[in-house]
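Residue strings, one per chain:
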Amino acid sequence: TINILAFVPADTTVPTITNVGTATSDTDADSADEVTFVITVNDLSITKDDVLDPVNAGEKIEYSIKVTNAGPSDATGVTVVDTIPAGTTYNAAMSSASCTEFTTGTVTCALADLTATFPSSDSVTIFVEVPSSFTGSSVTNTAVASSTEGGSATATEDTGIDTTTALTITKDDVVDPVNAGEKIEYSIKVENAGPSDATGVTVVDTIPAGTSYNAAM
């Protein structure tokens, strides 16, 4: 009995491999063949990270997504399907060029074929916009990697959302000076530089001592 070891390349696409062996002697000969079925199997993994956590309502979330193939077969037709968080919108201009939002809320990214000679990987970047009016405390993003050969992997990332406002107030007297017995008109302006919406905004005004408030005007 002898044993022969044959290596099947990781990029093999044929469904079967046939091996023929022939034994000969001075007086006789015989041969036999063996058909071996070949299947392609890859071991995909995916990581997903938010570059900043938390972010403010009114800002962007940047996600870095990396897919790796540990073999034993090459991974072809590798894609990432990313379901962006509810309440956010996809920013195509800042995301990787290979990513497209074919359906609202679902982004599909085409990655390079990943060989199995060494664990190989490819990455994409996805940006989403958090509206300034967002009131939740966090969002969840899920991405699924898959290949033509059937390998798949899933990654989920949670990102905290803060509400940050930058209020400024200015106050001016319309006429200065005024005469005793006249009215003073104050113009008060409140502005919010964001990035988040400011809700429940109030102004508390302490009128000057010795004057009285004119509600009618």
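The present account deals with the structure reproduced in this document. Because the structure is a prediction, the values reported are computed rather than measured. (Residues numbered from 1 in each chain as written. Predicted model: local features only at pLDDT ≥ 70, side-chain atom pairs only at ≥ 80, totals over all residues. Heavy atoms only, no water.)

Another aspect to go through is unusual backbone geometry. Peptide bonds are, in most cases, trans, and in most cases residues other than glycine have a negative phi. Note the cis peptide between Gly71 and Pro72, where omega equals 5°. Following the sequence through the fold, Pro72 ends up in strand 5 (residues 60–72). In the segment running from Asp176 into Pro177, the intervening peptide bond is cis, with an omega of 10°. Position of Pro177 relative to the elements: it lies in the loop between strand 13 (167–173) and strand 14 (186–192). (Helix = DSSP H or I, 4+ residues; strand = E, 2+ residues; numbered from the N terminus.)

Below, the discussion takes up the state of the cysteines. Counted according to the given criterion, the structure contains one disulfide. A sulfur-sulfur separation of 2.1 Å characterises the disulfide bridge that pairs Cys99 with Cys109. What sets the handedness of the Cys99 and Cys109 disulfide is the S-S torsion sign, and at about 110° it is right-handed. Of this pair, Cys99 sits in strand 8 (residues 99–103) while Cys109 sits in strand 9 (residues 106–110), placing them 10 residues apart in sequence. (Disulfide = S-S within 2.5 Å.)

Where nonpolar side chains cluster on the molecular surface, the patch consists of Leu167, Ile169, Ile184, Tyr186, Ile188, Val190, Val201 and Val203 and spans about 650 Å² of accessible area. Counting only elements with at least two residues in the nonpolar patch, the list comes to strand 13 and strand 14. For Val190, the position within the fold is in strand 14. The exposure class assigned to Val190 is partly exposed, which follows from its relative accessible area of 34%. (Patch = residues over 30% accessible without salt bridge, like charges linked within 9 Å, V, L, I, M, F, W, Y side chains within 5 Å. Areas by Shrake-Rupley, 256 points an atom, 1.4 Å probe, with all protein chains shown as cover. Salt bridge = Lys/Arg side-chain N within 4 Å of Asp/Glu carboxyl O. Buried < 20%, exposed > 50% of the residue type's maximum accessible area, 1.4 Å probe, protein only.)

What follows covers the pairing of strand 5. Here strand 3 (residues 42–50) runs beside strand 5; their pairing, made up of eight bridges, is antiparallel. Across the sheet, Lys48 pairs through a bridge with Ile65, a residue of strand 5. Sheet topology note: the strand 5/strand 10 (residues 120–129) ladder contains 10 bridges and is antiparallel. What sits directly across from Ile65, in strand 10, is Val124. (Pairing = 2+ DSSP bridges.)

The space that makes up the largest pocket amounts to roughly 650 Å³. Around the largest pocket, the lining comprises 19 residues; the ones closest to its centre are Ile184, Glu185, Tyr186, Tyr213 and Asn214. For the lining of the largest pocket, a count of residues per class yields 10 nonpolar, four polar and five charged. (1 Å grid on protein atoms, 1.4 Å probe; cavity = no way out; pocket = protein on both sides within 12 Å on 5 of 7 lines; lining within 4 Å. Points joined across faces, edges and corners; volume = space filled by probe spheres on them. Nonpolar A, V, L, I, M, F, W, Y, C, P; charged D, E, K, R; others polar.)

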